[in-house]
Each structure stands twice: as C-alpha cells, then as structure tokens.
Amino acid sequence: MKRRTFVMTSLLLLSLTVAAQVVEAQEPVIVNIPFEFVAGKLTLPPGEYRVEKLEKGSAVVMIHRADQRGAALVMTLPAQAKEPQSKSKLVFNRYGNRYFLSQYWSAGSSSGRLLPKSAREKEISRIARNETPGQVTLVSSLSPAPR
C-alpha cells in the first residue's frame, strides 16, 4: 500500500513538473505580416514570419521570414497578462505608415515578451505626436511555415 502511494505521488509530481515546463515554453508564432516593419534595429519586408524565443529561458527572440529573405534577433523583456492568451499574436505600434514590433504572445500562456522601443521608434513617436498612434495586432496562422 505504501509503495502504491509512493508511486502515485511520484507520478503526480512528475506530471506537474512536465506541465509546468510546457506552460513556460512559448510556441512559435507564425504570422503573415502585410506591411514593412521594424524589429529592433532592422526593417523587415512584408511576408510570412516565424517568431520564437532563441532558446528556453532566453530574452532573445528570433524573427525570420519563411522564404529566408528577412531575419532579426532582438532582445526582449518579460510581460505578464492577467489571463492566458486565447490566440498567439504579434502586436505592432503604428505611427502613420510605420510599424514597430512591440509584443509577442503565445496562445495558452499569460507570459509574453515586450520589445523595448528603439531610438528610431522613440524619434518617430516624438515627430508623430500630432498624429494618432495606434496598435495593430496580427493573430498567428493555423499552419506553420516549413522550417
């Protein structure tokens, strides 16, 4: 009886540990971005992109186009939402016709990543202060691009 209780407790702890690791890991976000945008210091062309953490626990996010015609590595900051996200998405800050990647969220997780404003974005936001800045959210597609 004691052995059975020990085995059941061990299996429960193991499953909780695995579940915690799955929740912590962010799945890649696959998004068709119909406009040119800035990620970090690079301007990237429109296209289908895969966005993912470089490695588990890393603050570096890799953004690369499916056809290999654009890629960037950017440093990010942790973000926390009140509720887990229902869909994977990217959020862009918009100033006129200029777009800056600002957030990265994976479905099922309340943890996301924020991209700090670059010097270029800060400058444009100062210049565009008479315009109404906006945000654009793009939701992840259902089928990932081939790696």
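Below is a short write-up of the structure. (Residues numbered from 1 in each chain as written. Predicted model: local features only at pLDDT ≥ 70, side-chain atom pairs only at ≥ 80, totals over all residues. Heavy atoms only, no water.)

### A short note on the pairing of strand 4 (residues 47-53)
For strand 4, a buried count of six out of seven residues is recorded, marking the element as mostly surrounded by other parts of the structure. Both strand 1 (residues 29-33) and strand 4 contribute to a ladder of five bridges, which runs antiparallel. By the bridge assignment, Ile30 is partnered in strand 4 with Arg50. The sheet contact formed by strand 4 and strand 5 (residues 60-65) spans five bridges and is antiparallel. If you follow Lys53 over to strand 5, its bridge partner there is Val61. What sits between strand 4 and strand 5 in their antiparallel hairpin is a turn of six residues, with Gly57 showing a positive phi close to 80°. (Buried < 20%, exposed > 50% of the residue type's maximum accessible area, 1.4 Å probe, protein only. Helix = DSSP H or I, 4+ residues; strand = E, 2+ residues; numbered from the N terminus. Pairing = 2+ DSSP bridges.)

### Looking at the nonpolar core
With 20 residues, the main nonpolar core has Ile33, Phe37, Ala39, Ile63, Leu90, Phe92 and Leu101 as its most contacted residues. Those elements giving two or more residues to this core turn out to be strand 1, strand 2 (37-39), strand 4, strand 5, strand 6 (71-75), strand 8 (89-95) and strand 9 (98-105). Excluding its chain neighbours within four sequence positions, the residues that come into contact with Ala39 are Leu44, Ile63, Ala72, Val74 and Leu101. Counting residues in hydrophobic clusters, the runner-up holds five residues, among them Val38, Tyr95, Phe100 and Ile124. (Core = buried A, V, L, I, M, F, W, Y, C linked by side-chain atoms within 4.5 Å. Contact = heavy atoms within 4.5 Å.)

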